[in-house]
Amino acid sequence: MSQLIYPLRGGVHPPENKQQSLQTKLQHSAIPAELILPLSQHIGAPAEAIVNIGDKVLRGQMIAEPNGPFSAAVHASSSGEVIAIEPRPIPHSSGLWGDCIVIRCDGEDRWVPRTETENPYALETDELLNRVRQSGIAGMGGAGFPTAVKLRPPATSPIDTLIINGTECEPYITADDVLMQQRSDDIIRGCALLAHMLGEPDNILIGVEDNKPEAIAALEHSLAHLDASEVPGIDHIKVVSFPTKYPSGGEKQLIQILTGKEVPSGGLPAHIGIVLQNVGTTVAIWEAIRYGKPLTERITTVVGESLKQQGNTLVRIGTPSAFVLKQFGFDEDRCARLIAGGPMMGFSLPDINAPLVKTSNCLLAPSHQEMPDPEPAQACIRCGHCAEACPASLLPQQLYWYAQAKDHDRLQAHNLMDCIECGACAYVCPSSIPLVQYYRASKGEIRQAAIDKEKSDRSRQRFEFRQKRIEAAEAEKEAKRLARKKAAEAAKAKAAAKPAPGSAPADPVAAAMARVQAQQDDPAEQLAKLERAFNNASNRAKSAEEKWQQAETDEQKAKLEARFKQAQVRMKDAETKLAEFKQSQNSSSLAVDSDDPIERAKAKAQQRLSMSPLEKARNTLNSLQERLKKAQQKAAEADEDKKGAMNAAVDKLTQKISDLKQEITDLQATAPGPGNESPVDPDSIEDPIERAKAKAMQRLSMSPTEKLQSSLKSLESRLNKSEEKLASADADQRPALETAVAKLQEKIATVKQEIREAEPSDNSPAASASEPQVVAAVEDAASAAIAKAKEKAAAQASMSPEEKRQAQVESLKQRIDKAQQRLDNAMAENNDNIDAFKLGLEKLQNKLAELEAE
Amino acid sequence: MSFLRASSPHAHGRIDTRSVMRTVILATLPGLAALTYFFGPGSLLNIMLALLFCLAAEAAILALRKRPLSFYLQDYSAAVTAVLLGLALPPYCPWWVVAVASLSAIVLAKQLYGGMGYNPFNPAMVGYVVVLISFPLQMSQWPAPLPLAEQLPSISAALQHVFTGEGLDAYTSATALDIVKQNNSQLMSQVYADNALLRTGALAGAGWEWVNLGFLMGGLYLLYKKVFTWHAPVSMLAALSLCALLGYDAGSSQSGGSLTLHLFSGATMLGAFFIVTDPVSSTVSTRGRLIFGAAIGALVYIIRVLGNYPDAIAFAVLLMNFAAPFIDYYTVPRSYGHDKARRATEKQEP
């Protein structure tokens, strides 16, 4: 008892009223005809029934399994038949009904086969945790926190203190007192087992208020006579008693009393290395692991002046309150109110038939004299008694003030959310104001407001997004309409110039081709696009990885891991694509600067070959301009005697450049060539899209022969010019020009040859009808897609669910690929739909992850 | 059968507002007894009249506001206001002064703001200040205490004076605070030697010191009954003492007055234990009450010594009533689980 005690701030001393229920011995309640087992007897998700109506069940058989990690199982408390699974009145502060499994008992009370464990301390922690979870144990002190969750503290907070709560500070209740007196050995054993599960914390404290001397004596006795060989680590266990004061038994308050530490606001005791369990829970854990008995019974205090007899009873979980009360001689007319729990934090039972559950530590049935109806509330005189009583150091009168005003900001600034609803403030209030009720209502309002705000934020975002999408769609439509109008005008003009039915391209196809062409033409844009794709992919992978690492449950982890891997694969794809593209870019430019002259020539030749004359000329111009720059630089830096030569070279280059410029303008003028039936010069069109379209249209409308003829023309004109130049050239320029002329002549010859070859095929109708072909191909594709979809539907109809799922996964993957492509395209075009596409893609990915996780 | 559905807690402590108010009235008795012993039945008359006017005004306004009369009148809050007002007003002051003060206190300061619990200012002090400013002549006429007066007025003479303004002749004398305030040429020792009032008293003038000791006793009783905490009255008296010690300057002609003069003269003890501790119009946190009390103590001294009025409890309290909500914003205590105290003006969790 050398343990240091820290004072509890605030608190009150209500009349203890504990003697009434300690006059008689612990009774064993009979088994009722019907057991009502609520699916939600704990905090968290309700359990899920795994029995059906009509099933025979045995005592200890799991009838509802935990639904998710934050849940607890439910077991049949006696053998019998499931006769209903339906909403019934349950002991809950809301007064609402809840789903219950109703068992008609057969009176035989047969157990399911149980496995006993001789030495539970030898078991692994995981195995122990699993058994606790399978035994449906939830905090029996009143809160019903799933015990397995509490015993698996986050890995980041090592536990150094285990506290067993035997405080029982509420007036009237003596259930834990009786338990400590009768089962002190099992409490010590269970305590040691909990310590084993938590990795042997340094401090193991059993806290008991000093108004339970017999319980303290029993625990001390057990500590003294139990053998360390039987209970490992018993030497570390200490029983600590401290002055009686309400609410010392609150989790946060007991931690403060025994350790002097405070649980951070909004945090868990585990965050400061403390785990706290109720003595009842400790015994339940011991029973479950040592004897294989799931939680099916508990000690409940039945007390109040409307009963003939008051005391504690060992009752099956699920026993209707009315059944228990009857055994204690309940007089309904004398009863003022029926309370589940103690007078400070208990709540009114909505119905006398509500069952006793895992958290029912007391059934209080006071008389009218004992607990008169509450006085009408008077005005708050701000006397401050509440602030003195508050164990959380809040300012209850300010909270009340702001709760009336519904001032949520101020309420939160006054730490309303740290209120533990112990009722000390309302107990001392001279104006009989139901303060706790105000706080509960305000907390609910604040939570609701937060949910509503999130909802409205989301719908606002959705709305704004929808507006944007609609605007973008409208703009696109408008652009298309304009384009159609222009195209129609162009077609009209063309028809007027040269009636050629069927040669006008279908507009969208042409537009698409032009777009693609434009993209392919510009390597910088392509590079940017690939880079964007890669960045996106790597970002997605990063966030997926983060999520994966933050995931808490295994299922989630698996899902997220899959998603992360997928993202990684995609990232790598993007990376390789990007690398490839960069390499190809480099190789083409590198080749030009390459040291090997042959290689260089080859590369240049290759580049040239793939270039149109106009492009070639531009290319040359660029390189010439560069050379000019260099030459000018050199000239500026050169010595006097070299300057002359340098200047001459510069002049020459300038001359060449101007020639080339001239050539380019010529080429531009003639570029459309003989096929130039369009009255609109593509390069003169302002709108780049329109220009691309026009160019594409031109190209489409050219037959191969025409194309060749156009290039022939341009070549011939270039030849002419070159010959002119040659005539006027200096001696030193001559050889170069001569070779150029020769080259041109050669080219002309080959082109002419090509034309000759092309002409026969050009006459066939197929070549000139290439446009209708495209349209037809599109139509074909559409009909093929429809046929495919039909086929798929038919195939799915005949598939097994497994196959169906597989097929769904496949199709989803395809859809995801497509969506990805669409997104990339959109990004490349800087389209307004990027967000929509992203959203769609993410949705598809989520769907896929879900499907795969199933 | 359905039982009462009530929110927790189902148990309730035994104290209520009514008993708190009754205890406060009870605690004024020693002070009242001293006043009656030294000054005659004037204060008793004041209290009777104030009770009459206050309860009548409260009832009338409650009727206008359609509130249940008996429920609100039984909380004794109007009675407490009346008693404090009666104690603060000079004995034998005309009945209409009491009437104006009572009506101002109950109607203006309390009911117009929403009744008990909603008044930002101490009602008794509002009533007192209204008549102090409006009727300075009547409010400065304090009778001479017993050893100086030949005999105390009889009840009939007192009643006649209160209702007709005649019947008592030459009964007024300056209070100890008046004497010190009006002195600006004599040393303190000379002042004490020249004035019978100061000369007769052991601490701060004949009669006055006993009245203050009476209220101090009542205050200690309330502390013992845990009606309020020690913070506000103690910090007020401490601040006043500190100022008095600093300003005494060894009793020169410019001296602000001795420590005992400030502590046991005028309305110091009545203010410290019955006015400053009024919970409705003061601050709520412990720290806040320390600041609130200390500021009142300092203001009392400043107004007494530098201001125009000889006493200053009412003004100091009212000034600090203004500041109370502001102090509250910055003195929210550190709650469980928080590293440091928050300010109430914060909008959201940081």
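Residues numbered from 1 in each chain as written. Chains lettered and ligands numbered in written order. Predicted model: local features only at pLDDT ≥ 70, side-chain atom pairs only at ≥ 80, totals over all residues.

## Topic: the overall build of chain B
- Broken down by element type, chain B carries 18 helices and zero strands.
- For chain B, with 350 residues in total, the buried portion stands at 53%.
- In chain B, 73% of the contacts between residues at least 6 apart in sequence involve partners at least 24 apart. (Helix = DSSP H or I, 4+ residues; strand = E, 2+ residues; numbered from the N terminus. Buried ≥ 20, exposed ≤ 12 C-beta atoms within 10 Å, placed from the backbone. Contact = placed C-beta atoms within 7 Å.)

## Concerning the interface of chain A and chain B
- With 55 residues of chain A in contact, the opposing surface of chain B contributes 38 residues.
- It is helix H11 (residues 408–413) of chain A that contributes the most residues to the side of chain A that touches chain B, four residues altogether.
- In terms of residue class, the side of chain A that touches chain B is made up of 30 nonpolar, 16 polar and nine charged. (Nonpolar A, V, L, I, M, F, W, Y, C, P; charged D, E, K, R; others polar.)

## Remarks on the pairing of strand S9 (residues 161–165) of chain A
- Among the five residues in S9 of chain A, five count as buried, and that is most of the element.
- Of the two faces of S9 of chain A, the one holding Thr-161, Ile-163 and Asn-165 of chain A and the one holding Leu-162 and Ile-164 of chain A are both buried throughout.

## Looking at the pairing of strand S8 (residues 97–105) of chain A
Residue and element names in this part refer to chain A.
- Relative to S8, strand S2 (residues 34–38) runs antiparallel, the two sharing five bridges. Note that in S8 the partner of Pro-38 across the bridge is Cys-100.
- As paired strands, strand S7 (residues 80–89) and S8 are joined by nine bridges and run antiparallel to one another. Each residue of the ladder has a partner; that of Gly-80, found in S8, is Cys-105. (Pairing = 2+ DSSP bridges.)

## Quick word on the nonpolar core
- Core analysis: the biggest nonpolar cluster contains 143 residues, and Leu-435 of chain A together with Leu-85, Met-125, Tyr-128 and Val-317 of chain B have the highest contact counts within it.
- Two domains each put at least three residues into this core: domain 1 (19–364) and domain 2 (385–451) of chain A.
- When residues no more than four places from it in sequence are discounted, the contact partners of Val-317 of chain B are Asn-122, Met-125, Gly-271, Ile-275, Val-276 and Ile-296 of chain B.
- Ala-73, Leu-162, Ala-218 and Ile-257 of chain A belong to the second-largest nonpolar core, a separate cluster that totals 105 residues. (Core = buried A, V, L, I, M, F, W, Y, C linked by C-beta atoms within 7 Å. Domains from an automatic or database assignment.)

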